[in-house]
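Tertiary structure, described
In case you want the letters, here they are:
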Amino acid sequence: MKIIVEYFAVVAEIAQTASECVMLADGATACDLLGEIHRRHPVLGRQGFVPLLAVNRRHADPDTKLADGDEVAVLPPLSGG
Amino acid sequence: MRHHTRLVTGPIDIPAVTAQIAGGRDGAVALFIGQVRDHHHGRDVAYLEYHAYSAMASEEMERIAGEMSARFDIDRMALVHRTGRLEVGDVSVLIAVSGVHRAPALDCCAAAIEEIKRRVPIWKKEFFTDGTATWVFGPDGRCTPDRERHG
């Protein structure tokens, strides 16, 4: 299945892109996607923080099951306000 | 129940937003105004940039307004967050809550800013007067270890 991954703030700077498509096996979870993202962008794993994930614009747990066409955002620790 | 939640790129008009939610029958309007401070961890801030995942930020602010209104029995509230470049002293966030009594209005205001900081996908990048810049990590304001130069 095809997942659209979006990167923000410092994560986008590290990944050097704002968005990319990732193909995953059916039944994959957000955690599986994060593993694939770390394989593509190993520097992300050395930043000293665990990114938050949002699926279709809602915060999501790592065990969330993904579906074809989902939009998954990779969010560094938030600092609004 | 009336909510106004907005992401804006220009100055926040505090009287206009407050007027939108102030109910003539309510006894209290509580405000929280967040503004850009001129220092962070002992360093002088020149300006900030707020970056947002705009589509989700708008939806999350709407969810927070709904939840806070229900929890504190509030009829009218506004959440406004500014993004882009902000100078020292600029207003970055405004929360306005109109309530029958002051206690729930104040409590709602205090809870809403904590929820915004915890949940709304917005990030702050600080540019210091010494020419360096860092992303701020987390609501407690920890900086990234690596500083980069800016113009």
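Fair warning: this is a prediction, and the values are worked out from it, not measured in the lab. (Residues numbered from 1 in each chain as written. Chains lettered and ligands numbered in written order. Predicted model: local features only at pLDDT ≥ 70, side-chain atom pairs only at ≥ 80, totals over all residues. Heavy atoms only, no water.)

**Brief notes about the packing of aromatic side chains**
A complete count under the given rule lists four aromatic pairs over all chains for this structure. Ring centres of Phe-8 of chain A and Tyr-53 of chain B lie 4.3 Å apart, and the angle between their planes is 25°; this geometry places the pair in the stacked category. Of this pair, Phe-8 of chain A sits in the loop between strand S1 (2-7) and helix H1 (9-15) while Tyr-53 of chain B is found in the loop between strand S4 (43-52) and helix H2 (54-72), placing the two residues in two different chains. With respect to class, Phe-8 of chain A is no different from Tyr-53 of chain B; both count as buried. With a centroid separation of 4.8 Å and 85° between ring planes, the pair formed by Phe-49 of chain A and Phe-137 of chain B is classed as edge-to-face. (Phe/Tyr/Trp six-rings, centres within 6.5 Å; stacked < 30°, edge-to-face > 60°. Helix = DSSP H or I, 4+ residues; strand = E, 2+ residues; numbered from the N terminus. Buried < 20%, exposed > 50% of the residue type's maximum accessible area, 1.4 Å probe, protein only.)

**Topic: the environment of Val-43 of chain A**
As for its position among the elements, Val-43 of chain A is in the loop between helix H2 (30-40) and strand S3 (52-55). Separated by 36 residues in sequence, Val-43 of chain A and Tyr-7 of chain A place their C-alpha atoms 14 Å apart.

**Comments concerning the sheet that holds strand S1 (residues 2-8) of chain B**
Residues and elements named next belong to chain B. Spatially, S1-S5-S7-S2 is the arrangement adopted by the four strands of the open sheet, whose pairing is mixed. Looking at the sheet topology across the chains shown, the edges are occupied by S1 and strand S2 (28-35). Going from strand to strand, the sheet's axes swing by 5° on average, the running direction of each strand aside. Note that S2 and strand S7 (residues 91-99) share eight bridges and pair antiparallel. (Pairing = 2+ DSSP bridges. Axes fitted to C-alpha atoms, helices over the stretch in contact; angles between N-to-C directions.)

**Some words on the pairing of strand S8 (residues 122-128) of chain B**
Residue and element names in this part refer to chain B. Of all seven residues that make up S8, seven are buried, and the element is covered over most of its length. Residues of S8 alternate between two faces, with Ile-122, Lys-124, Glu-126 and Phe-128 on one and Trp-123, Lys-125 and Phe-127 on the opposite face, all of them buried. The sheet contact formed by S4 and S8 spans seven bridges and is antiparallel. Residue pairing in the sheet places Tyr-47 in a bridge with Phe-127 of S8. Where S8 and strand S9 (residues 132-137) come together, three bridges link them in antiparallel fashion. Note on S9: the bridge partner recorded for Phe-127 is Ala-133.

**Details of the nonpolar core**
Core analysis: the biggest nonpolar cluster contains 34 residues, and Leu-33, Leu-66 and Leu-75 of chain A have the highest contact counts within it. Those elements that place two or more of their residues in this core are S1, H1, H2, S3 and strand S5 (71-75) of chain A together with S9 of chain B. Top element by residues in this core is H1 of chain A. It accounts for five residues. With 29 residues, the next largest nonpolar core counts Ala-30, Leu-48, Val-93 and Ile-95 of chain B among its residues. (Core = buried A, V, L, I, M, F, W, Y, C linked by side-chain atoms within 4.5 Å.)

**Here's the deal with the sheet that holds S1 of chain A**
Within the open sheet, the five strands sit side by side as S2-S1-S5-S3-S4 (chain A). Their pairing is mixed. Of all strands in the sheet, those with a lone pairing partner are strand S2 (19-23) and strand S4 (58-60) of chain A, marking the two edges. The mean angle between the axes of side-by-side strands here comes to 35°, regardless of whether they run parallel or antiparallel. Direction of pairing for S1 of chain A relative to S5 of chain A: parallel, over a ladder of four bridges. Bridged to Val-5 of chain A within S5 of chain A is Val-72 of chain A. Together, S1, S2, S3 and S5 of chain A form the strand contacts of H2 of chain A, whose direction differs from that of S2 of chain A by roughly 115°. H2 of chain B contacts S3, S4 and S5 of chain A of the sheet and is inclined by roughly 90° relative to S4 of chain A. (Contact = heavy atoms within 4.5 Å.)

On their own, these measurements won't tell you what the molecule is for.
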